[in-house]
Amino acid sequence: MKRHTIKINFSREPSGYDIVIGDGLLSQCGEWARKCLGKHPGKIVIVSNPRVFGLYGKQTEKSLRSAGYHASHFLMKDGERHKTLRTAEAALKVFAEAKLSRTDAVVALGGGVVGDLAGFTSATHLRGIPYLQIPTTLLSMIDASVGGKTGVNTASGKNLIGAFHQPRGVLIDVSVLKTLPRRELTAGLCEAIKQGAVGGGKLLVRTGDLLSAWPIGEFSRNIRNPNFKFEISNLISAHVQFKARIVAGDPQESAARIDSRSRKILNFGHTFGHALEKVTNYKRFCHGEAVGYGILFAAELSKTLALCADKDVNLLYDVVHRAGTLPRMINIDASEIFQAMHADKKNLAGSLQMVLLKGIGRPVILTGHDVPQPALKKALKRFLQEMA
Ligand code: NAD
Ligand code: GLY
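Residues numbered from 1 in each chain as written. Chains lettered and ligands numbered in written order. Predicted model: local features only at pLDDT ≥ 70, side-chain atom pairs only at ≥ 80, totals over all residues. Heavy atoms only, no water.

Asker: Explain the overall build of the protein to me, using residue names and the numbers behind them.
Answerer: In terms of regular secondary structure, the protein is built from 14 helices and eleven strands. Against the 2.2 N^0.38 benchmark of 21 Å for 388 residues, the protein shows a C-alpha radius of gyration of 20 Å, consistent with a compact globule. With the C-alpha coordinates aligned to their principal axes, the bounding extent of the protein is approximately 60 × 45 × 40 Å. Per-residue burial for the protein yields a buried fraction of 58% across its 388 residues. Here the contacts in the protein between residues at least 6 apart in sequence split such that 75% fall between residues at least 24 apart. A total of about 16300 Å² of accessible surface is found on the protein, and carbon and sulfur atoms cover 52% of it. For the protein, the centre of its 53 positive side-chain charges and the centre of its 32 negative side-chain charges are spaced 3 Å apart. (Helix = DSSP H or I, 4+ residues; strand = E, 2+ residues; numbered from the N terminus. Rg over C-alpha atoms; globule rule 2.2 N^0.38 Å. Buried < 20%, exposed > 50% of the residue type's maximum accessible area, 1.4 Å probe, protein only. Contact = heavy atoms within 4.5 Å. Areas by Shrake-Rupley, 256 points an atom, 1.4 Å probe, with all protein chains shown as cover. Lys, Arg positive; Asp, Glu negative; His and termini not counted. Charge placed at Lys NZ, Arg CZ, Asp CG, Glu CD.)

Asker: Lay out the environment of Q133 in plain terms, naming residues and giving numbers.
Answerer: Its location among the elements puts Q133 in strand 6 (residues 131–135). For the pair formed by Q133 and G112, sequence separation is 21 residues and the distance between their alpha carbons is 9.8 Å. What Q133 contacts, discounting residues up to four positions off in sequence, is W32, A108, G115, A144, S145, P167, G169, V170 and L171.

Asker: Describe in detail the site of ligand 1, supporting the description with residues and values.
Answerer: In the vicinity of ligand 1 there are 27 residues, among which E80, G112, T136, T137 and T179 approach most closely. Within the side chain of N49, a nitrogen or oxygen atom sits 3.0 Å from an oxygen atom of ligand 1. A distance of 2.9 Å separates a nitrogen atom of ligand 1 from a polar atom in the side chain of D116. When isolated, ligand 1 has an accessible area of 870 Å², and the protein chains bury 93% of it. Those elements that provide at least two residues to the shell around ligand 1 are helix 2 (50–66), helix 4 (112–124), helix 5 (138–144) and strand 8 (157–164). (Near = heavy atom within 4 Å. Polar contact = N/O pair within 3.5 Å; in protein donor to acceptor, adjacent residues only side chain to side chain.)

Asker: Give a detailed account of the sheet that holds strand 5 (residues 105–110), specifying residues and quantitative values.
Answerer: Pairing in this open sheet of seven strands is mixed, and the strands run 1-2-9-6-5-3-4 from one edge to the other. Each edge of the sheet is formed by a strand with only one pairing partner; in this case those strands are strand 1 (4–9) and strand 4 (70–75). The sheet shows a mean angle of 20° between the axes of neighbouring strands, direction not considered. Note that strand 2 (residues 16–22) and strand 9 (residues 169–173) share five bridges and pair parallel. (Pairing = 2+ DSSP bridges. Axes fitted to C-alpha atoms, helices over the stretch in contact; angles between N-to-C directions.)

Asker: Residues and numbers for the site of ligand 2, please.
Answerer: Lining the immediate environment of ligand 2, one finds D143, K149, K243, E253, R263 and L266. Interatomic distance of 2.7 Å between a side-chain N/O atom of R263 and an oxygen atom of ligand 2. Protein chains bury 89% of the 200 Å² of accessible surface belonging to ligand 2 in isolation. Per-class residue counts for the shell around ligand 2 are one nonpolar, no polar and five charged. (Nonpolar A, V, L, I, M, F, W, Y, C, P; charged D, E, K, R; others polar.)

What follows is the structure, given as structure tokens:
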């Protein structure tokens, strides 16, 4: 099967890295790590969780060892609620005990939770050591592993502590999707729909077309079909290219930028999504599922503010529907969501910043002044009633 290599380049240090996408790449990850890291690092700590490590840890360790690395691992507990400073501290202790130096490295093997925590601890151990991303969920393949946003959640909200720290490389092996639970696929597809919504009609249509041709209900059978693996690799590659282009143009999500190609557009659906995750204690919704609702809420609000036409909103409902079933949003209090939205880090100078749509592929960033607060409250109430 064809292997895709996408380059992400920056005008300043770090200069950039490659994202490789293919089938069965994990067994060659040692060789790949050498290419990304150079000949220096001798030690690697794999950060993962028991579930992913149980499935893919041995293979990863074996390949790293045959490439000459001394490989050990740190396993965090599985789940968003463990993406905390406490877990980060435990990981940092293991790095220190392993005597990881600045010429050694960390490998993140897992979904976005593992990737964010591994990236954050790599950014802080000795003020920054190299790390590599091996994403194992669809969401982390198309989004979380690319672009160097790392972080942990705190009692105040999601990803409020973190650092920009770019990986030295990203390896995407589509064959690991065969063990991914259906819910996590839907979650990843929602994040893909988000990218399509802000990136442009083509990306959204490609995502929707794949779902029409290969229904999500048959994924576990399809993922063994070489034609499907070819199609999904192409789709992942298109999403990674889009994300890499946005990140290269605005690597640190400049606070001042509110144009339609600033990195902030990737937060479409996230103001509501993060608030929904927070008010449900990170237990009821996967991140991508919350983003799925966030996309629909942002589309509805865009319509209420007369920015976006009905047909675009309907298209988003249709594609989100094709991505699978989202858990019901019952007993969610609109005023709690409203408050949590205002605690999000996307706020600037005390004002909420929201990414809305003028149409598919036409994101617009509005501040609290442009989004009348009574209209926002009303839209929240109506949306929560309709979705319950
Ligand atoms: P996740 O990391 O929690 O993984 C979802 C579940 O799937 C977990 O239970 C995990 O153990 C399991 N899993 C992972 N790979 C598997 C596989 N191949 N087979 C079987 N099970 C597997 O969730 P996620 O959706 O990957 O990531 C969500 C996180 O990513 C959130 O914390 C979010 O904030 C973050 N995120 C970060 C960025 C970024 O730019 N840094 C972007 C988007 C999302
Ligand atoms: N997931 C949003 C970003 O990377 O900027």
